[in-house]
Amino acid sequence: MLNMKNVSKIYRTDTVETHALREFSLTVEEGEFVSVTGPSGSGKTTFLNIAGLLEDLSDGTYELDGRDISKLNDKERSRVRNEKIGFIFQSFNLIPELNIFDNVDVPLRYRGFNAAERKRRIEQSIEMVGLGSRMQHLPAQLSGGQQQRVAIARALAGEPRFLLADEPTGNLDSQMADSVLDLLAEINAAGTTIIMVTHELGLADRARRNIFVRDGQVSDNAPELHLASMAAG
Amino acid sequence: MFRYYLKLGTLSIRANPMLSALMVAAIAVGIGACMTIFTVRHVMSGNPIESKNDQLYHVQVDNWNPDDPYDEPDGAPVQVTYVDAKALFDAGRAFRQTTSFKTSRVVQPDGEDARPYQEDARATTADFFPMFEVPFLYGAAWDRSSDETQDHVVVLSRELNEKLYGGEDSVGRTLMLNDAAYRVSGVLDTWNPVPKYYDVNNNPFEAPAQLFLPFSLAIASGFDNNGNTSCWKPIEEGSGREGFLASECIWIQMWVELQNASAKQDYMDFLNAYVEEQKLLGRFPRPLNNHLRTPEEWMKYNEVVDEDVDVLLGLAILFLVVCLLNTIGLLLAKAMRRAKDTSLRRALGASRAELFKQHVIEAGMIGVAGGALGVVMTWFGLRGIENIFIEYEFIQHLVRMDWSMVALAVVLAIASALGAALYPTWRTCNITPASHLRLQ
Ligand SMILES: Nc1ncnc2c1ncn2[C@@H]1O[C@H](COP(=O)(O)OP(=O)(O)OP(=O)(O)O)[C@@H](O)[C@H]1O
Ligand SMILES: [Mg+2]
């Protein structure tokens, strides 16, 4: 479903050019659970942002479900983000003024569902992450693990086919991290494709496939882990 | 989505109470300043007799000094002499015609120890009332015949009738004015045209007269003129009242009602013929220079709205612009604060267009609040003007704010807020979705 060929991303400031990704190529099939590891600054987040249409690429091609992303306008990209992709961030990124219910509601509003449909989906996804009794709470009234569950509920409410997670457990203790991973595995078992960036090798191991990124490229020499399978050439 | 954005707007305003309050205040102060001056200008430039504007005409004939025009370069005098007023009135060539001047009478209220006092009066003719659509509460104007017979009849203002007779129907009662007995023929309903278009030579913003008396009687009884008098030729010495009436001094306002364009043309021809005839008698030494002006033209000609008011309005608008620049700054600060919220919404699927709508609606809410507070500010502004000019009675009539002004204030405030929001919103909508979500 995801197909990147020779993608590069250059950040330019007045004085420096940073090649965050160079000749980055990767194919991910429908239903996979892929973990991405690599040293700090190697380009993992950049890859996820491009995969999630949050950033433009500088060079190369990116096809999602067979559609060339660079040909989409803002409205179409927003629509793809909204309908096909769910995001989970390391820092949760909940909106502090909105309660749990309304936070999960945000992507559904842009989707244009009616009120009944939204309510059904919100309640269902909040129940799924085990926070059914907390719908009226504000994010600040929840623990970190609970906040990340809300973020997962928000990502899932729209039933995306593609879940992108950037260090989803980075701010959680290991016990909570495990339960979040259990949740992701469950979601993946139900058919959702997942790409998860992590620097904890133990967690990466739970994915069905691991990719190691170094210097903005997919590297063949994944230390200590099973070999990253390079798809497209 | 509209209601959703209203909710988001409310939340955002509540989350930034200080910034929001400053923005509302900036808009309100700017709107208040603009609307205060604008209201004053609006009232000053109104035409209270708009419905008959194409039928009423102020009469000007140029009897002035051959070597020195009344108004450079060739303006005709703004009032007429008694000689011309009488001749033109007696000719009766218009559908209706009226001559009038400002005077005063001493009123002697009923009752033993009631003290007499002076009231503003207008000496005029019977046609004055129907011409200017003056509303009557009781009775009616005097008959046209009284314009010739010098009857002692009087029409009272509603205010004076309340003062003298407690608001009762006083038609037929006798009122003592300067020791002469007058029969009350009618009582006006509230009538307060601003500006006082029928006599702009004498302060167009003063309150209208309390008493109306026949012109012929006023002339015959030698009532003083309390309005402006201008002369270019010395009055024959020792000729007294007769000499003044026969002089080239101007002091009377003359209006005619002409029902259509051909009637107007006919009357103009008549005026020209009249002046040509007078020229043969040695009067009217200047070239033909007669004018018939509608109330609107007349007020414009006399610059009823002072240029200073326009300057003030310009300053007020400038002030509003400064307030809006301030608002733009505040909005930018607010946009910075919420960049993270914005980029998150982008990530979750909001298109630029949706974000634009969200922020425009929020700006609109600030605008509505600014407009509402602006109306209050305007009210205070007008009270302030009233207090500054407390000694000028006319100001009291100026400082009314009607619903159209309130609506205008709110619309202007919303437009201002939206205008101010354009640039900050554009900036917001162009935030790259990922830019504020990287936090490692
Ligand atoms: N907005 C930006 N402007 C300039 N340079 C950037 C920007 N974002 C990222 N970079 C640079 O791009 C490179 C890749 O960054 P990226 O965030 O993708 O790394 P990462 O693999 O996610 O690292 P980490 O494990 O620390 O999160 C880094 O050198 C970083 O400094
Ligand atoms: Mg990263």
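Everything below is about the structure printed above this text.
Residues numbered from 1 in each chain as written. Chains lettered and ligands numbered in written order. Predicted model: local features only at pLDDT ≥ 70, side-chain atom pairs only at ≥ 80, totals over all residues. Heavy atoms only, no water.

1. A word on the overall build of chain A
Thinking step 1. Along the backbone of chain A there are seven helices and ten strands.
Thinking step 2. Along the three orthogonal principal directions, the C-alpha set of chain A runs to about 45 × 40 × 40 Å.
Thinking step 3. Looking at the 233 residues of chain A, the share that counts as buried comes to 56%.
Thinking step 4. Long-range pairs, those at least 24 residues apart, make up 70% of the contacts in chain A with a sequence separation of at least 6.
Thinking step 5. Put simply, chain A shows about 10,000 Å² of open surface, and 46% of that area lies on carbon and sulfur atoms.
Thinking step 6. Put simply, chain A has 26 plus and 33 minus side-chain charges, and the middle of one group is 5 Å from the middle of the other. (Helix = DSSP H or I, 4+ residues; strand = E, 2+ residues; numbered from the N terminus. Buried < 20%, exposed > 50% of the residue type's maximum accessible area, 1.4 Å probe, protein only. Contact = heavy atoms within 4.5 Å. Areas by Shrake-Rupley, 256 points an atom, 1.4 Å probe, with all protein chains shown as cover. Lys, Arg positive; Asp, Glu negative; His and termini not counted. Charge placed at Lys NZ, Arg CZ, Asp CG, Glu CD.)

2. Regarding the sheet that holds strand S1 (residues 2-12) of chain A
Residue and element names in this part refer to chain A.
Thinking step 1. An order of S2-S1-S4-S5 is seen for the four strands of this open sheet, with the pairing classed as antiparallel. Lying at the two open borders of the sheet, with one neighbouring strand each, are strand S2 (17-28) and strand S5 (67-68).
Thinking step 2. Bridge count for S1 against S2 is eight bridges, and the pairing is antiparallel. Directly across from Asn3, in S2, lies its bridge partner Thr27.
Thinking step 3. Across the face of the sheet, helix H1 (residues 44-51) comes into contact with S1, S2 and strand S4 (59-64) while running at roughly 120 degrees to S1. (Pairing = 2+ DSSP bridges. Axes fitted to C-alpha atoms, helices over the stretch in contact; angles between N-to-C directions.)

3. Some points on the packing of helix H3 (residues 82-91) of chain B against helix H9 (residues 261-280) of chain B
Residue and element names in this part refer to chain B.
Thinking step 1. Direction vectors running N to C along H3 and H9 enclose 135 degrees, while the axes themselves pass 12 Å from each other. Taken together, the axis directions place H3 and H9 in an arrangement best described as oblique. The way H3 lies across H9 gives a crossing that is right-handed. Within the contact between the two elements, H3 uses Val83, Asp84, Ala87, Leu88 and Ala91 and H9 uses Tyr267, Phe270, Leu271 and Tyr274.
Thinking step 2. Tallied by class, the residues present in the contact of H3 with H9 amount to eight nonpolar, no polar and one charged. (Parallel < 35°, antiparallel > 145°, perpendicular 65-115°, else oblique. Left-handed = near helix turned anticlockwise from the far one by under 90°. Nonpolar A, V, L, I, M, F, W, Y, C, P; charged D, E, K, R; others polar.)

4. A closer look at the state of the cysteines
All names here are of chain B.
Thinking step 1. For the structure shown, the criterion picks out one disulfide over all chains.
Thinking step 2. Each sulfur of the disulfide joining Cys231 and Cys249 lies 2.0 Å from the other. Measuring handedness by torsion sign, the sulfur bridge of Cys231 and Cys249 sits at about 115 degrees and is right-handed. Here the residue Cys231 occupies a position in the loop between helix H7 (215-220) and helix H8 (240-246), and Cys249 occupies one in the loop between H8 and strand S9 (253-257), the gap between them amounting to 18 residues.
Thinking step 3. Residue classification places Cys249 among the buried positions, given a relative accessible area of 0%.
Thinking step 4. Not part of a disulfide, Cys34 finds its nearest cysteine sulfur in Cys323, a span of 8.7 Å.
Thinking step 5. A residue is classified by how much of its surface remains accessible, and Cys34, at 5% relative accessible area, is buried. (Disulfide = S-S within 2.5 Å.)

5. Brief notes about the pairing of S1 of chain A
Successive residues of a regular strand alternate their side chains across the two faces of the sheet.
Residues and elements named next belong to chain A.
Thinking step 1. Pairing of S1 with S4, which is carried by five bridges, proceeds in the antiparallel orientation. Within S4, the residue paired with Ser8 across the bridge is Asp59.
Thinking step 2. Between the antiparallel neighbours S1 and S2 lie four residues.

6. A closer look at the interface of chain B and chain A
Thinking step 1. Contacts between chain B and chain A engage 26 residues on the former and 28 residues on the latter.
Thinking step 2. Summed over both sides, the interface between chain B and chain A buries roughly 2,400 Å², with carbon and sulfur atoms accounting for 57% of that surface.
Thinking step 3. Seen at the junction of chain B and chain A, the total is three salt bridges.
Thinking step 4. There are seven residue pairs in polar contact (both at pLDDT 80 or more) connecting chain B and chain A.
Thinking step 5. Taken together, the elements giving at least two residues each to the side of chain B that touches chain A come down to helix H1 (2-15), helix H12 (339-347) and helix H13 (352-388) of chain B.
Thinking step 6. Grouping the amino acids of the side of chain B that touches chain A by side-chain chemistry returns 14 nonpolar, four polar and eight charged. (Buried area = accessible area lost by both parts, 1.4 Å probe. Salt bridge = Lys/Arg side-chain N within 4 Å of Asp/Glu carboxyl O. Polar contact = N/O pair within 3.5 Å; in protein donor to acceptor, adjacent residues only side chain to side chain.)

7. Some points on the nonpolar core
Thinking step 1. Leu2, Met4, Phe24, Phe47, Tyr62, Phe162 and Ile195 of chain A are the most contacted members of the largest nonpolar core, which totals 48 residues.
Thinking step 2. The next biggest cluster of nonpolar side chains, apart from the first, holds 45 residues, and it includes Tyr165, Val187, Val256 and Tyr274 of chain B. (Core = buried A, V, L, I, M, F, W, Y, C linked by side-chain atoms within 4.5 Å.)

8. A closer look at the environment of Arg173 of chain B
Residue and element names in this part refer to chain B.
Thinking step 1. Structurally, the position occupied by Arg173 is in the loop between helix H6 (158-165) and strand S6 (174-177).
Thinking step 2. With 201 residues separating them along the chain, Arg173 and Gly374 place their C-alpha atoms 50 Å apart.
Thinking step 3. In contact with Arg173, other than residues within four places in its own chain, are Asp110, Tyr165, Glu168, Tyr182, Arg183 and Val184.

9. Description of H6 of chain B
Residue and element names in this part refer to chain B.
Thinking step 1. What H6 keeps buried is the set Leu160, Asn161, Leu164 and Tyr165. Down the axis, H6 shows its buried residues gathered within 100 degrees of arc, on one side only. Away from its buried face by more than 90 degrees, H6 exposes Glu159 and Lys163.
Thinking step 2. Remark: Gly166 follows H6 within two positions and exhibits a positive phi of approximately 65 degrees. (Arc of directions from axis to C-beta.)

10. Quick notes on the sheet that holds strand S8 (residues 193-197) of chain A
Residue and element names in this part refer to chain A.
Thinking step 1. An order of S6-S7-S8-S3-S9-S10 is seen for the six strands of this open sheet, with the pairing classed as mixed. With partners counted over all chains shown, the strands left at the sheet margins are strand S6 (85-88) and strand S10 (217-219), one partner each. For this sheet, the mean inter-axis angle between neighbouring strands, taken without regard to orientation, is 25 degrees.
Thinking step 2. The sheet contact formed by strand S9 (residues 209-214) and S10 spans three bridges and is antiparallel. Paired with Val213 across the bridge in S10 is Val218.
Thinking step 3. Along the sheet, helix H2 (residues 74-84) makes contact with S6 and strand S7 (162-166), crossing S6 at roughly 75 degrees.
Thinking step 4. Across the sheet, helix H5 (residues 144-157) lies against S6 and S7, angled at about 170 degrees from S6, the strand it touches most.

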